Amino acid sequence: MPPAKRKTINRKPSIRKKKSQPFPMAWKVAIAGLLLILFSPLYYGYVLKGFVATWRWVKDWGQDPNYRTYESFNIKIPKKYSIHGIDVSYYQGKINWQQVKQMKEDEVSIRFAFIKATEGLLLVDPYFQRNWREAPKVGIVCGAYHFFRPQKNGKAQAKFFLQVVHIEKGDLPPVVDIESLDGVSPLKMRAELSDFLNEVERKTKVRPMIYTGLKFYEDYLAAHFEEYPFWVAHYYQPQLRLASRRWKFWQHSDKAKINGIGHVVDFNAFNGDSIQFEQMRNP
């Protein structure tokens, strides 16, 4: 018999497995660092801040370059001022000053408040004592103002104002609010106003400030009271049309919405930085 044929076995060539190389330590450190950054709250805070800033830039595109819209305050606010505040009277009703202080959008918050105290010779604002007591408790810097009546004795009005208001250390200067002639001549108005200012400064050792509208200032006060600081109302304008050396506060809106206040409020900007603002306060 012929010999049996042997079966041919096809052997697959053996493949040697390569030993896995250890992951370089430098890469491990880099990946661990990257993970720490990605999961860090600071990282997300930075990204969020950048996103908000970019979105704000997009929203402000095409708007007045002098202003920026603040939705929470419901008004446009001049860009180049960093210290902001309000002025209030009985018109705003009962105010929750804690909510006022806590309100903030980006860098804008309420730093100061001017509070109506008196008017003429007999009227005391019914909310003055409460506002004067509660606002400073939450850290708001306050100043008091008197609504001036030119047909009444200026010195007597000053005495009445100072019977109601006690100026203390850290307060803003006392303010006299003059907005109309009330039927008297400009000369008579200025004489009575001068008597008011002199009496207040004599009693308090603090130079008062004059509040008025821009038109009234231009018509009756522009060439007078050079030594006094002014607080001027001039609404919805790109800038206050008055030499900066003459004014310290600009009332630029009368329609601000403020948390804790049930009615619209006048909004003001201070003409200066934090150091100059501190210098305005009663030493």
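The preceding data block contains the structure.
Calculation rules
Counting restarts for each chain: residues are numbered from 1 in the order of the written sequence. Restriction of local features to residues with pLDDT of at least 70 applies here, the model being predicted, together with a cutoff of 80 or more for giving and counting side-chain atom pairs; totals for whole chains, interfaces and linings are based on all residues. The basis for the side-chain values is all heavy atoms of the structure; hydrogens and waters are excluded. Think of it in three bands: residues with accessible area under 20% of the maximum for their type are buried, residues over 50% are exposed, and the middle band is partly exposed, with areas taken using a 1.4 Å probe on protein chains only. Put simply, DSSP H or I for four residues or longer makes a helix, DSSP E for two residues or longer makes a strand, and each gets a number counted from the N terminus. We call two residues contacting when some pair of their heavy atoms lies within 4.5 Å. For this analysis, a polar contact is any N or O atom pair within 3.5 Å, provided that within protein one partner can donate a hydrogen and the other can accept it, and provided that sequence-adjacent residues contribute only side-chain to side-chain pairs. Pairing between two strands is assigned when DSSP locates at least 2 bridges connecting them. In this description, a line fitted to the C-alpha atoms serves as the axis of each element, helices being fitted only across the stretch in contact, and the angle between N-to-C directions of two axes falls anywhere from 0 to 180 degrees. Comment on the angle field: the value is read as roughly parallel under 35 degrees, roughly antiparallel over 145, roughly perpendicular from 65 to 115, and oblique elsewhere. Left-handed is the label given to a crossing in which the near helix is rotated counterclockwise from the far helix by less than a right angle, and right-handed is the label when the rotation is clockwise. Put simply, Ala, Val, Leu, Ile, Met, Phe, Trp, Tyr, Cys and Pro go in the nonpolar bin, Asp, Glu, Lys and Arg in the charged bin, and everything else, Gly too, in the polar bin. Two distance rules govern patches: like charges are joined within 9 Å, and nonpolar side chains (Val, Leu, Ile, Met, Phe, Trp, Tyr) within 5 Å, applied only to residues with over 30% relative accessible area and no salt bridge. Where accessible areas are quoted, they stem from the Shrake-Rupley method and a 1.4 Å probe; at the residue level, only the protein chains shown are allowed to cover. What makes a salt bridge here is a side-chain nitrogen of Lys or Arg within 4 Å of a carboxyl oxygen of Asp or Glu, nothing more.

### Side note on helix 5 (residues 154–164)
Next, step 1: Listing the buried residues of helix 5 in full gives Gly154, Gln157, Ala158, Phe160, Phe161, Leu162 and Val164.
Next, step 2: For helix 5, the elements touching its buried residues are strand 5 (108–119), strand 6 (123–124), helix 4 (128–137), strand 7 (141–147) and helix 6 (186–204).
Next, step 3: Residue Asn153 occupies the N-cap position of helix 5, its side-chain oxygen lying 3.1 Å from the main-chain nitrogen of Lys155.

### What to know about the pairing of strand 12 (residues 265–270)
Next, step 1: The buried count for strand 12 comes to six of six residues, which makes it a mostly enclosed element.
Next, step 2: Burial along strand 12 is two-sided: the face carrying Val265, Phe267 and Ala269 and the face carrying Asp266, Asn268 and Phe270 are both buried.
Next, step 3: In this structure, strand 3 (residues 84–88) lies alongside strand 12, joined through four bridges in antiparallel fashion. Residue pairing across strands places Asp87 opposite Asp266, the latter belonging to strand 12.
Next, step 4: Both strand 11 (residues 247–256) and strand 12 contribute to a ladder of five bridges, which runs antiparallel. What sits directly across from Trp250, in strand 12, is Ala269.

### Let's talk about the packing of helix 5 against helix 6
Next, step 1: It is the contact of helix 5 with helix 6, at a shortest axis distance of 7 Å, that shows an interaxial angle of 40 degrees. As summarised for this structure, helix 5 and helix 6 are arranged oblique, according to the angle between their axes. By crossing handedness, the relation of helix 5 to helix 6 is classed as right-handed. Taking contact as the criterion, the partners of Gly154, Lys155, Gln157, Ala158, Lys159, Phe161 and Leu162 in helix 5 are, on helix 6, Glu192, Asp195, Phe196, Glu199, Val200, Lys203 and Thr204.
Next, step 2: Residues belonging to the contact of helix 5 with helix 6 are distributed by class as follows: five nonpolar, three polar and six charged.

### Thoughts on a nonpolar patch on the surface
Next, step 1: A grouping of Trp27, Ile31 and Leu35 is seen on the molecular surface, where their side chains present a nonpolar patch of about 320 Å² in accessible area.
Next, step 2: Mapped onto the secondary structure, Trp27 falls in helix 1 (residues 25–38).

Spatial relationships are all this shows, so hold off on functional conclusions.
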